[in-house]
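Structural overview for review
Letter by letter, the chains look like this.
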Amino acid sequence: MLKIEGTTIYMTRGDDAEIQIDITDLSGEKYVLKDGDVLKLTVKKTVKEYDTAFEVVADADGLFTISASDTKSLEFGKYVYDVQLTSDGKIQTVVPCSNFMIEAEVTS
C-alpha cells in the first residue's frame, strides 16, 4: 500500500511503489529534468542520523521506483525524507523534510 497525504508518505514495509514528483519553478511553470540532473529521495530514521535507511534516484521523468528490498528490513514506524534536485552543480531541496511512515505487514 502506498498513500500520500500532503508531503507525508505511508508505505507498507516490503512493498514495491512508484512515486511521481513534479517540480514547478517560482513562476509556476513545470520544471523539466535535463540531462545530468539528479533527483534523489533520501529516507532516514531521524534527521540526526548519518546513515540513510534507503535512497532512490528518479528516472528522467521524475518517477521514483521503490523496490520491496528497499524497505523489507526496516522497522515499522516513523522515518523522515526529503527530495533534492542537483542541477548544474547546484543542490535544491524540492520536497522539504517530511514524514515517511513504514506501515506494518502481516506476511514476511
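A brief report on the enclosed structure follows. Each chain has its residues counted from 1, following the order in which its sequence is written. Two thresholds apply to this predicted model, a pLDDT of at least 70 for residue-level local features and 80 or more for giving and counting side-chain atom pairs, whereas whole-chain, interface and lining totals are computed over all residues. The side-chain numbers reported here are obtained from all heavy atoms of the structure, hydrogens and water having been left aside.

**Section: the overall build of the protein**
- Every helix listed is a DSSP run of H or I at least four residues long, and every strand listed is a run of E at least two residues long, numbered separately from the N terminus. Looking only at helices and strands, the protein features one helix and ten strands.
- Along its sequence from the N terminus, the protein presents helices and strands in the succession β-β-β-β-β-β-β-β-α-β-β.
- In terms of principal-axis extent, the alpha carbons of the protein reach across some 45 × 25 × 25 Å.
- Relative accessibility thresholds used throughout: buried, under 20% of the residue-type maximum; exposed, over 50%; partly exposed, between the two (1.4 Å probe, protein chains only). Counting all 108 residues of the protein, 36% fall into the buried class.
- A contact between two residues is defined here by any heavy atoms of the two lying within 4.5 Å. Restricting to contacts in the protein with at least 6 residues of sequence separation, those with at least 24 account for 57%.
- The accessible surface values rely on the Shrake-Rupley method and a 1.4 Å probe; as for residues, cover is taken only from the protein chains in view. Within the structure as shown, the protein displays about 6,800 Å² of accessible surface, and the carbon and sulfur contribution to it stands at 49%.

**Details of the pairing of strand S3 (residues 17-20)**
- Taking every second residue as pointing to the same face, the buried face of S3 carries Ala17 and Ile19, while none of Glu18 and Gln20 on the other face is buried.
- Strand pairing is defined by DSSP finding a minimum of two bridges between the two strands. Sheet topology note: the S3/strand S8 (residues 63-66) ladder contains four bridges and is antiparallel. Paired with Gln20 across the two strands is Leu63, which belongs to S8.

**Notes on the sheet that holds strand S7 (residues 54-57)**
- The sheet built from six strands is open, its strands ordered S1-S2-S10-S9-S6-S7 with mixed pairing. Each edge of the sheet is formed by a strand with only one pairing partner; in this case those strands are strand S1 (2-5) and S7. Strand after strand, the sheet turns through a mean of 25° between neighbouring axes, direction not considered.
- Bridge count between strand S2 (residues 8-12) and strand S10 (residues 90-103): four bridges; the pairing is parallel. Pairing of Tyr10 across the sheet is with Met101, part of S10. Fitting a line to C-alpha atoms yields each axis, with helices limited to the stretch in contact; the angle taken between N-to-C directions then spans 0 to 180 degrees.

What is shown is where atoms sit, not what they do.
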